[in-house]
Amino acid sequence: MKMRRQCSRSACVRPAVATLTYDYDDSTAVLGPLSLQAEPHAYDLCEVHAERLTVPRGWQVVRLATEFEPAPPSPDDLLALAEAVREASRFVPQRVTGLRAEPAPVTHEVAPTGRPTFEIVKGGLDA
Ligand SMILES: [Zn+2]
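Reading the values: the criteria
Residues numbered from 1 in each chain as written. Predicted model: local features only at pLDDT ≥ 70, side-chain atom pairs only at ≥ 80, totals over all residues. Helix = DSSP H or I, 4+ residues; strand = E, 2+ residues; numbered from the N terminus. Core = buried A, V, L, I, M, F, W, Y, C linked by C-beta atoms within 7 Å. Buried ≥ 20, exposed ≤ 12 C-beta atoms within 10 Å, placed from the backbone. Pairing = 2+ DSSP bridges. Expected span 1.5 Å × (residues − 1). Axes fitted to C-alpha atoms, helices over the stretch in contact; angles between N-to-C directions. Contact = placed C-beta atoms within 7 Å.

(A) Molecular detail of the overall build of the protein chain. Scanning the protein chain for helices and strands turns up two helices and four strands. Starting at the N terminus and ending at the C terminus, the protein chain contains elements arranged as β-β-β-α-β-α.

(B) Focus on the nonpolar core. Among the nonpolar cores identified, the biggest contains twelve residues, and these are Cys-7, Ala-16, Val-17, Ala-18, Leu-20, Ala-29, Leu-31, Leu-34, Tyr-43, Leu-45, Cys-46 and Ala-50. Those elements giving two or more residues to this core turn out to be strand E1 (18–23), strand E2 (28–33) and strand E3 (42–45).

(C) Examining the pairing of E2 more closely. Examined bridge by bridge, E1 and E2 share six bridges and lie antiparallel to one another. Note that in E2 the partner of Ala-18 across the bridge is Pro-33. Linking E1 back to E2 in an antiparallel pair, the connection comprises four residues, with Ser-27 at a positive phi of about 50°. In the sheet, E2 pairs with strand E4 (residues 60–63) via four bridges, with the strands oriented parallel.

(D) Here's a closer look at helix H2 (residues 75–89). The terminal C-alpha atoms of H2, which comprises 15 residues, lie 21 Å apart, in line with the 21 Å expected from a rise of 1.5 Å per residue. Within H2, only zero of the 15 residues are buried, which leaves it mostly out in the open.

(E) Just the sheet that holds E2, in detail. Taking strand neighbours across the sheet as the criterion, the four strands line up as E3-E1-E2-E4 in an open arrangement whose pairing is mixed. Here the strands that pair on one side only, and so sit at the sheet edges, are E3 and E4. Here the average twist between neighbouring strands, direction ignored, is 25°.

(F) A look at the environment of Ala-29. Mapped onto the fold, Ala-29 is located in strand E2. In the structure, Ala-29 is positioned 34 residues away from Arg-63 in sequence and 8.4 Å away in space, judged by C-alpha atoms. If we skip the residues at most four places from it in the chain, Ala-29 touches Leu-20, Tyr-22, Val-55, Trp-59 and Val-61.

(G) Representation of unusual backbone geometry within the structure. A positive phi angle, near 70°, is found at Ala-11, a position not held by glycine. Here Ala-11 is to be found in the segment before E1. Positive phi, close to 50°, is recorded for Ser-27, a residue that is not glycine. Along the polypeptide, Ser-27 turns up in the loop between E1 and E2.

What follows is the structure in structure tokens.
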């Protein structure tokens, strides 16, 4: 099972959207789109950490992408989506044939109460 790659910053659980690589000879950090595979000398960063990236004094940052997109759905995500669609389709009402439409039986009488009354409910919709 393939896990979605996460930001490599400690305590960050956001999905990685960019890959940061360092060129020590040129004192350059290169921030680009998420690499296809996790590289041992590269750092996957989420959108937040990619935008907050800072580099040591004297280094420069080359940003290859200005907008980052999440990694495409993994096969696991697609399976989950397919399962959700399948689950939802079970609730499609079945066509009923051979039955005449009959009025629903009256199971109880609602006594007329006159004018409807309204009450002010504290809290309202924001409660
Ligand atoms: Zn992060």
